[in-house]
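Listed below are the residues making up each chain.
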Amino acid sequence: MRTIDLRGRTLDPAELLAVVPRAAEALQTAATVAADIVADVRRRGEESLREQAARFDGVEGHDIRVPAQHIAEALAALDPAVRDALETAIRRVREASAAQVPAAAETAIGRGARIVQRWQPVARAGVYIPGGKAVYPSSVVMNVVPAQVAGVPSIALASPAQADQGGRVHPTILAVAGLLGVDEVYAMGGAGAIGAFAAGVASIGLDPVDVVSGPGNNFVAAAKRAVAGSVGTDAEAGATEILVVADDSADARLIAYDLVSQAEHDEQASAVLVTTSAELADAVERALPGIAGATRHAERVATALAGEQSAIVLVDDAASAEAFSNAYAPEHLELHLADADTAAARYTSAGAVFVGAYAPVSLGDYLAGSNHVLPTGGQARYAAGLGAHTFLRPQQVIAYDRDGLADVADAIVALADAEALPAHGEAVTARFAGE
C-alpha cells in the first residue's frame, strides 16, 4: 500500500478533498459506459438485456423472468446452517429497520388549522443484488426487509444470470427471495438491470419501479446516477470502502485482517488506514502480505491494496485524523482508538461507524442488524445508507376550515400582491365574497 504523509501540513477542507485516495479515472469510465447501457435498455428492452447477458455473464437463452419453480427448488435445497443464519439476520434487520419508520405527527397551527405529517411507502421497488465475484444473500436481506418494513406492496429483485448455474440466478439468492416471499425475480445484472427497473421491459413482464436500491460495482453506482430523476435511488453504493482510524493502542494484526476483508470484494475496493502512529503503520504494512497472501482471493486483494484508491495515511494528531475521515466520508469507518466510544461522536461523515476492536465491518455485513448498503465515493457527507426511509416519502396533509383560512386571508393576499400573482389572493377572497 502506498503511504500519504500529511504530518506537518495544515489542510483546509478543499485541500483535504484533493488528497483523499480515490480511483477517479475508474469512476469516470464507469459513468460513461453505464449511461450508454441504460439508454440502450430503454430503447431496446429485452434484446439489449440478452446481449448484455451474453457479453458480461456468458449466458444465452435463459429465463430472464425467473420461474417460481426455480425459487421453490432453491429454497428446498438451502443448507440448514445458512438458512438459520439468514433467518437470524432477517430478524435483526427487521427490528432495526422498524425503528426507522417515523410515526405520523399532527401540528395545530391555529384555530381550525392543522397539518398532518405522514410517511407514505412507494408503490413499487426494484432491488439489485450483485453477482459475479461473490454471492450476496445478505444483500437480499438488507434490501428487501427495509422495503417490507416500510410497507412497499410490490418488490422486484434482480441479480445476474450465472453461467455455472445454467443461466439461473444463483440458488442462494433465489432461496433468500423465497424466504422473504419475493416471487418477482429477474436474471439480469449490472447497469442493464438498473436501466430495466427504471424503464420497465414489457416483454418480460417487468413494470417500472419507483425506487431502485442495492449495492454493486462502480458501473451499478453510475447507472443509478443515470436513472436518477426518473426513479428514486438509494445512495450510490459502488465499490466498497473501508477506512480505519487507529492510534498506538490498536492491534495491527486485526487492522490488517479488516483491510483485507473489504479488499476481497473487488479489485476497485478501497482500503485506507489513518493513524497518528508511524510504528502502527509499519506493523500493519508488515502484517498485510502474510494475511493477504493466505486468503482465497489473494490476487484480487493484492490488486485492491496496490491501487490508487488504497493508502496508509499518517497524520499529526487526533483532530487531523477526524478531519481527514470526515472529508473522505467512507462507506465503512472503523475506530481502533483508546477513546473510541467518545471519539465516535466527532466522526460525523460515514455510512456506518464501527466502534472498537470487536466491531469489525464483517459484523455489519451480516448480523449487526444495521444495513450494509451504504454510500460510497464520499457521498456519506450528505447521503444516508439504505433503510426503511429509502422507500418512504414524507407527505403533508393540510386541513383548514373556514375560520382557519379567514385568519390568514389578508396575509395571503398581501404576499400574493407582493409577488405579482394576484390570482393567488383572489382564490382566497372568492371564498368570502359577499360578506
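Residues numbered from 1 in each chain as written. Predicted model: local features only at pLDDT ≥ 70, side-chain atom pairs only at ≥ 80, totals over all residues. Heavy atoms only, no water.

### Regarding the overall build of the protein chain
Scanning the protein chain from terminus to terminus reveals 17 helices and 14 strands. Taking the principal axes of its C-alpha atoms as reference, the protein chain extends roughly 90 × 60 × 40 Å. In the form shown here, the protein chain has an accessible surface area of approximately 19500 Å², with 51% of it arising from carbon and sulfur atoms. One way to put it: in the protein chain the 31 positive side-chain charges average out to a point 4 Å from where the 54 negative ones average out. (Helix = DSSP H or I, 4+ residues; strand = E, 2+ residues; numbered from the N terminus. Areas by Shrake-Rupley, 256 points an atom, 1.4 Å probe, with all protein chains shown as cover. Lys, Arg positive; Asp, Glu negative; His and termini not counted. Charge placed at Lys NZ, Arg CZ, Asp CG, Glu CD.)

### So, the environment of Ala123
As for its placement among the helices and strands, Ala123 is situated in the loop between strand E3 (113-121) and strand E4 (124-128). Look at Ala123 and you get partly exposed, because its relative accessible area is 46%. For the pair Ala123 and Ile155, spaced 32 residues apart in the sequence, the C-alpha separation amounts to 8.8 Å. (Buried < 20%, exposed > 50% of the residue type's maximum accessible area, 1.4 Å probe, protein only.)

### Points about unusual backbone geometry
Positive phi, normally seen in glycine, also occurs at Ala329, with a value near 55 degrees. Given a relative accessible area of 0%, Ala329 falls into the buried group. The residue Ala420 is not glycine, and still its phi comes out positive at about 55 degrees. Within the secondary structure, Ala420 sits in the loop between helix H16 (402-418) and helix H17 (422-429).

### Description of the UniProt feature "binding site: Zn(2+)" (unreviewed entry) in the protein chain
Under the local residue numbering, the UniProt record ascribes the feature "binding site: Zn(2+)" (unreviewed entry) to Gln262, His265, Asp365 and His424. A maximum C-alpha distance of 56.8 Å is found for the annotated residues, which run over 163 residues; spatially they are spread out rather than grouped. You can see Asp365 is positioned in helix H15 (residues 361-366). Filtering out sequence-adjacent residues up to four positions away, Asp365 remains in contact with Ser138, Met142, Gln262, His265, His332 and His372. Within polar-contact distance, the side chain of Asp365 engages the side chain of Gln262 at 3.4 Å. As for its placement among the helices and strands, His424 is situated in helix H17. (UniProt positions renumbered as here; feature names shortened; annotations may be inferred. Contact = heavy atoms within 4.5 Å. Polar contact = N/O pair within 3.5 Å; in protein donor to acceptor, adjacent residues only side chain to side chain.)

### Some remarks on the UniProt feature "active site" (unreviewed entry) in the protein chain
Within this numbering scheme, the UniProt entry marks Glu331 and His332 as carrying the feature "active site" (unreviewed entry). Assignment of secondary structure puts Glu331 in the loop between helix H13 (318-328) and strand E12 (332-336). Assessed through its relative accessible area of 5%, Glu331 is described here as buried. Sequence-distant contacts of Glu331, defined by excluding residues within four places in its chain, comprise Ala239, Thr240, Glu241, Ala350, Gly351, Ala352, His372, Leu374, Pro375 and Thr376. Among the polar contacts listed, one links the side chain of Glu331 to the backbone nitrogen of Glu241, at a separation of 2.8 Å. Take His332: it is sitting in strand E12. Classification of His332 as buried rests on a relative accessible area of 2%. Contacts of His332, omitting those with residues within four sequence positions, involve Thr240, Glu241, Ile242, Leu243, Gln262, Ala352, Phe354, Val361, Asp365 and Leu374.

### What to know about the packing of aromatic side chains
Summed over all chains, the structure comprises one aromatic pair. When the ring of Phe324 is compared with that of Tyr328, the centres are 6.4 Å apart and the planes differ by 25 degrees; the resulting orientation is stacked. Residue Phe324 and its partner Tyr328 are both found in helix H13; the two are separated by four residues, about one turn of the helix. Tyr328 carries the same exposure label as Phe324, and that label is buried. (Phe/Tyr/Trp six-rings, centres within 6.5 Å; stacked < 30°, edge-to-face > 60°.)

### Considerations on a negative patch on the surface
On the surface, Asp248, Glu279, Asp282 and Glu285 cluster together into a negatively charged patch. Mapped onto the elements, Glu279 comes out in helix H11 (residues 278-294). Using a relative accessible area of 60% as the deciding quantity, one classes Glu279 as exposed. (Patch = residues over 30% accessible without salt bridge, like charges linked within 9 Å, V, L, I, M, F, W, Y side chains within 5 Å. Salt bridge = Lys/Arg side-chain N within 4 Å of Asp/Glu carboxyl O.)

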